[in-house]
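Architecture and fold: a report
Next come the chains, spelled out residue by residue.
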Amino acid sequence: MIHTVRGPVDPSKLGPTLSHEHFKWEFDDDFAQGMYFSKRYNDTHNDKVFEKLQPVLKDLVNSGCGAIAEASPPMGGQNLKLLKALSDTTDMHIIPCTGWNVFKHTYDIFPLEFASQLAKRWISDFENGLDTIGGITIRPGYIKILLDKGMLSPVDRAMLLAGVETSRRTGLPIHCHILEADRVYTVIELLKEQNMDMSKFLWSHADNEGDMEAIKTAYLEGIWIGFDMIKKETHAEKFELLKTMVDLGYTDRLLLSQDYDFYEEVVAHGDKHPCSSLFDTFVPYCCSRGLDQRLIESILCGNPSKYYNVE
């Protein structure tokens, strides 16, 4: 089953899925942590954001989108009450996450227990739910981790170890933000040391540098590949990356998305926002240049239904 803010969904019902979007990143850390740790929401704030975001989701539904993975971890202000209200009123499946939930410098205080305590909390999020809203116990559909640039730091290594343990105990996949392709080799080495099930690991932002040698290595190790920065102005560039994956036969573990902050985009652009451009523009662009629409549909529908399926 796939865990959404309205409860578990059969994988066959998920539909075309954007695997990495943000509804609204919250920069107020107290507010973000209050929602996660204390289940404390601000209804006035939510009403204001809901008014902006509901039309965006309706546009996405009309464009053919069936589901969205909210890529904002607890530290980014994942707002379950808002997400459930949006899901209820638009019939959009929204997949929440657990994952990065504390300041990374906390590691310096508790280095010996950091990974085990994170894993304990993330496992609890799955077993007991992130929250219960409207009678629905909302469980995370995946684990979101963000790695910093540069060499793999002790705290990021600990977060990866916590993710591996949580995935092993719950079946949740790991969605790992990696902006530098060189870092993937280090991550793969760690995962292999831990006997990680590679089919439960996604390299998010693999298209940031578009390093095909690193992408090939990751794919051949069994890792999922995220081309999730397909913004409106990048369609020609992203088409070339996608075509390369098609030519290599590497599309069975590929997820597509845009990495928009919906609230930020609608404030900036109103009803001319680009949040549905992957469906409205990118897919037709790819088809007009020879890619099989059925193949693109299998990437958007079939692949997410496998990756997010927690057995």
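Our subject in this report is the structure included herewith. (Residues numbered from 1 in each chain as written. Predicted model: local features only at pLDDT ≥ 70, side-chain atom pairs only at ≥ 80, totals over all residues. Heavy atoms only, no water.)

1. Quick look at the overall build of the protein
Of regular secondary structure, the protein possesses 11 helices and 13 strands. Its C-alpha atoms give the protein a radius of gyration of 18 Å, within 12% of the compact-globule value 19 Å for 311 residues. Each of the three principal axes of the protein carries a C-alpha extent, and together these read 55 × 45 × 35 Å. Looking at the 311 residues of the protein, the share that counts as buried comes to 58%. Looking at the protein as shown, the accessible area adds up to about 12,800 Å², and 49% of this sits on carbon and sulfur atoms. Averaging the positions of the 32 positive and the 46 negative side-chain charges in the protein gives two centres separated by 3 Å. (Helix = DSSP H or I, 4+ residues; strand = E, 2+ residues; numbered from the N terminus. Rg over C-alpha atoms; globule rule 2.2 N^0.38 Å. Buried < 20%, exposed > 50% of the residue type's maximum accessible area, 1.4 Å probe, protein only. Areas by Shrake-Rupley, 256 points an atom, 1.4 Å probe, with all protein chains shown as cover. Lys, Arg positive; Asp, Glu negative; His and termini not counted. Charge placed at Lys NZ, Arg CZ, Asp CG, Glu CD.)

2. Focus on the sheet that holds strand β12 (residues 224-227)
Read across the sheet, 6 strands follow the order β6-β9-β10-β11-β12-β13 without closing on themselves; strand pairing throughout is parallel. A strand with exactly one partner marks an edge of an open sheet, and here the two such strands are β6 (97-99) and β13 (254-256). Taking the axes of each pair of neighbouring strands and ignoring which way they run, one obtains an average angle of 25° across the sheet. Looking at chain direction, β6 and strand β9 (residues 142-146) are connected through 3 bridges and run parallel. By the bridge assignment for β9, T98 is matched with I143. Its contacts with the sheet put helix α7 (residues 212-220) on β11 (201-204) and β12, and the angle it makes with β12 is roughly 140°. Taken strand by strand, helix α11 (residues 293-307) contacts β10 (174-177), β11, β12 and β13, and its axis lies near 115° from that of β13. (Pairing = 2+ DSSP bridges. Axes fitted to C-alpha atoms, helices over the stretch in contact; angles between N-to-C directions. Contact = heavy atoms within 4.5 Å.)

3. Some thoughts on the packing of aromatic side chains
Within the structure shown, the criterion is met by 8 aromatic pairs. Residues Y142 and Y308 carry aromatic rings whose centres are separated by 5.7 Å and whose planes lie at 70° to one another, so their mutual orientation is edge-to-face. Separated by 166 residues along the polypeptide, Y142 in strand β9 and Y308 in the segment after α11 bring together distant segments of the chain. Consider the rings of Y307 and Y308, whose centres lie 4.8 Å apart with planes at 80°: the pair is edge-to-face. A single burial state applies to Y307 and to Y308, both of which are buried. The rings of Y142, W224, Y307 and Y308 are connected pair by pair, giving a single aromatic cluster. Over the face of the ring belonging to W100 we find K104, whose NZ or CZ atom lies 5.6 Å from the ring centre. We note R289 situated over the ring of Y285; from NZ or CZ to the ring centre the distance is 3.6 Å. (Phe/Tyr/Trp six-rings, centres within 6.5 Å; stacked < 30°, edge-to-face > 60°. Lys NZ or Arg CZ within 6 Å of the ring centre and 35° of its normal.)

4. Quick word on the pattern of salt bridges
In the structure shown here, the tally under the stated rule is 18 salt bridges. Residue E26 is joined to K24 by a salt bridge in which the shortest nitrogen-to-oxygen separation is 3.2 Å. When its relative accessible area of 7% is taken as the criterion, E26 is described as buried. What makes K24 buried here is its relative accessible area of 16%. A single network of salt bridges, built from pairs that share partners, joins K104, D148 and D156. (Salt bridge = Lys/Arg side-chain N within 4 Å of Asp/Glu carboxyl O.)

5. Focus on the nonpolar core
With 89 residues, the main nonpolar core has W203, I225, F227 and F262 as its most contacted residues. Beyond its immediate sequence surroundings of up to four residues, F227 is in contact with A206, D207, I215, L241, L242, M245, L254, L255, L256 and S257. Core analysis: the next-biggest nonpolar cluster, separate from the first, contains 13 residues, A67, A69, A71 and I95 among them. (Core = buried A, V, L, I, M, F, W, Y, C linked by side-chain atoms within 4.5 Å.)

6. Digging into the environment of D280
In this structure, D280 sits in helix α10 (residues 277-288). Residues D280 and L60, spaced 220 residues apart in sequence, show a C-alpha to C-alpha distance of 9.2 Å. Side-chain polar atoms of D280 contact the side chain of S276, separated by 2.8 Å. (Polar contact = N/O pair within 3.5 Å; in protein donor to acceptor, adjacent residues only side chain to side chain.)

7. A closer look at unusual backbone geometry
In this structure, K39 is a non-glycine residue whose phi angle is positive, near 55°. Position of K39 relative to the elements: it lies in the loop between α1 (29-38) and α2 (43-63). With relative accessibility at 30%, the residue K39 sits in the partly exposed group.

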